[in-house]
Amino acid sequence: MRLNICFTPTLLGTALLLTSAAHAMPEPHMNALVDETIVPLMAEHRIPGMAVAIHVNGERYLFDYGLADREAGVAVDAQTLFELGSLSKLYTGLLAAYAEASGALALTDPVSRHLTTLEGSTFDDVTLLELATYTAGGLPLQVPETVEEPAVLDYFRQWTPTFAPGTHRLYSNPSIGLLGVVVARRLGDTFEAAMNEHVFTPLALEHSFYDVPESERAHYAWGYSADDTPRRVSPGVLDAQAYGLKATASDVLRFLEAHLDSGALTPALQQALATTREGYVSLGEMTQGLGWERYAYPTTLDALKAGNALDVVLEANPVKREEPVLSAESPAFFNKTGATNGFGNYVALVPEAGIAVVLLANRNYPTQARIEAAYTLIERLNEAP
């Protein structure tokens, strides 16, 4: 295990003004806290390697555990790239919000306004916001295996909804994938290039990739299946937009830190970050943002587990539209899970407490265990003197 502590003065403005924010913890105490949480977690779920990144009120702590490549004996380190899975949706949501803030589109626009191929289809009545919140009417979890990239818009044109748009939430990769297609076209570039220009570069995310370059391949961790087979994610239709990002824990933490203090960024990007944290439709105690799933703060472990339960992820559930939308500035606990067949991840953001937590692992272990580990860390950090 390696602990690296960095002071990040460019990200402090908001967090230090929060009187309820947690205090940064002395290094030995932080080291013990994270070890006590992560070492048993890895043992119980046979996780080969993990990277943990924590921001506490102006200080960042980076921890590395175990192996990125068991066969070669390569340890996880600061440069290790993990597959983020559906954490990628946070970035796609931000790019969509940036496109709106810069005047390229409105999230209330119907999808077909920006994709003439879909004129006269269901998407005349589905908005970009409904794509972003999985409320288009029942788009499935995955694009059918028979659909290939060149024909994906034909698939959407022929698709018919099960529910009226805006009434039910069904978690969907195609939904976010189509949103990314529209946003990239409105920004006049490929999705990957638009993300690099408008998100990665201004946020200084230098170790975040959709296609890992040759110069970084040695840092790309192997994931491990339930039977310990080494694996990496396979290319898929609309994969970049929904689950295709690879990044270091430090880069993911930097993405979260931008939500704690965006003061050095352009007004459009500041607005976009806030837009992603707004709450649009609610299901129980969880309210859907753009990528982010939010809970009134303080929240409970039971509420977080309920909002990430399989019946919420895999089934269509009726939702309540929030009118007006819930403010990005109201006290909230934000979280998102992400996984591929070989990786399991979780991020949590609590602006009111000045805390962000990143857990990246090269095994897809149970979501509930990820939530419990992060919640334990946040509770302990809040208790620190």
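Okay, so let's go over this structure. The structure presented is a predicted model; accordingly, all values stated were derived computationally and were not measured.

### Topic: the overall build of the chain
Helix and strand content of the chain: 12 helices and 18 strands. Computed over the C-alpha atoms, the radius of gyration of the chain is 20 Å, within 12% of the 21 Å expected from 2.2 N^0.38 for a compact globule of 385 residues. Counting over 385 residues, the chain shows a buried share of 59%. Residue pairs at least 24 apart in sequence account for 72% of intrachain contacts in the chain once pairs closer than 6 positions are excluded. The chain carries 24 positive and 46 negative side-chain charges, and their two centres are separated by 2 Å.

### Looking at the packing of aromatic side chains
Under the definition given, this model contains 10 aromatic pairs. With a centroid separation of 4.8 Å and an interplanar angle of 50 degrees, the aromatic rings of tyrosine 134 and tyrosine 171 are classed as tilted. You can see tyrosine 134 sitting in the loop between helix 3 (128-132) and helix 4 (152-158) and its partner tyrosine 171 sitting in the loop between strand 6 (168-169) and helix 5 (173-186), a full 37 residues away along the chain. When sorted by exposure, tyrosine 134 lands in the same class as tyrosine 171, which is buried. Clustering of aromatic rings is evident, with ring pairs tying together Tyr91, Phe191, Phe200, Tyr210 and Phe255. Above the plane of the ring of tyrosine 224 lies arginine 70, whose end atom (NZ or CZ) is 4.8 Å from the centre. Over the face of the ring belonging to tyrosine 220 we find arginine 232, whose NZ or CZ atom lies 4.0 Å from the ring centre.

### Re the sheet that holds strand 7 (residues 208-209)
Picture the strands of a sheet paired through backbone hydrogen bonds; they go either parallel or antiparallel. Taking strand neighbours across the sheet as the criterion, the 3 strands line up as 5-10-7 in an open arrangement whose pairing is antiparallel. Single-partner strands in this sheet number two, and they are strand 5 (82-83) and strand 7. Where strand 5 and strand 10 (residues 246-247) come together, 2 bridges link them in antiparallel fashion. Paired with phenylalanine 82 across the two strands is alanine 247, which belongs to strand 10.

### Some remarks on the nonpolar core
Within the largest apolar cluster, 80 residues are counted, with the highest numbers of intra-cluster contacts made by Tyr91, Val111, Phe123, Leu131 and Phe156. Of all the elements, helix 2 (residues 88-101) adds the most residues to this core, at 8 residues. Dropping the residues within four chain positions of it, phenylalanine 123 is found in contact with Pro110, Val111, Ser112, Leu118, Leu131, Leu139, Phe156, Trp159 and Leu178. Core analysis: the second largest hydrophobic core is formed by 43 residues, Leu301, Val319, Ala353 and Ile355 among them.

### Observations regarding the environment of alanine 78
Along the chain, alanine 78 falls in the loop between strand 4 (74-75) and strand 5. In the structure, alanine 78 is positioned 70 residues away from glutamate 148 in sequence and 36 Å away in space, judged by C-alpha atoms.

### Some details on unusual backbone geometry
Cis geometry marks the peptide bond from tyrosine 297 to proline 298; its omega dihedral reads 5 degrees. Take proline 298: it is sitting in the loop between strand 13 (293-296) and helix 10 (301-307). Look at the link from glutamate 323 to proline 324: it is a cis peptide, with omega at 0 degrees. Inspection of the secondary structure puts proline 324 in strand 15 (residues 320-326). The backbone phi angle of tyrosine 134 is positive, close to 60 degrees, even though this residue is not glycine. Take tyrosine 134: its relative accessible area is 1%, and that puts it in the buried class. Although it is not a glycine, leucine 238 sits at a positive phi angle of roughly 60 degrees.

### Concerning the pattern of salt bridges
By the definition in use, this model includes 11 salt bridges. The salt bridge partner of glutamate 36 is arginine 380, with a shortest N-O separation of 3.7 Å. Here glutamate 36 is found in helix 1 (residues 27-45), whereas its partner arginine 380 is found in helix 12 (residues 367-383), with 344 residues between them in sequence. One salt bridge in this structure joins aspartate 109 and arginine 113, with 3.0 Å as the shortest N-O distance. Aspartate 109 gets classed as buried once you look at its relative accessible area, which sits at 9%. On the basis of relative accessible area, arginine 113 is assigned to the exposed category, the value being 54%.

Conventions and cut-offs
- Residues numbered from 1 in each chain as written.
- Predicted model: local features only at pLDDT ≥ 70, side-chain atom pairs only at ≥ 80, totals over all residues.
- Heavy atoms only, no water.
- Helix = DSSP H or I, 4+ residues; strand = E, 2+ residues; numbered from the N terminus.
- Rg over C-alpha atoms; globule rule 2.2 N^0.38 Å.
- Buried < 20%, exposed > 50% of the residue type's maximum accessible area, 1.4 Å probe, protein only.
- Contact = heavy atoms within 4.5 Å.
- Lys, Arg positive; Asp, Glu negative; His and termini not counted.
- Charge placed at Lys NZ, Arg CZ, Asp CG, Glu CD.
- Phe/Tyr/Trp six-rings, centres within 6.5 Å; stacked < 30°, edge-to-face > 60°.
- Lys NZ or Arg CZ within 6 Å of the ring centre and 35° of its normal.
- Pairing = 2+ DSSP bridges.
- Core = buried A, V, L, I, M, F, W, Y, C linked by side-chain atoms within 4.5 Å.
- Salt bridge = Lys/Arg side-chain N within 4 Å of Asp/Glu carboxyl O.

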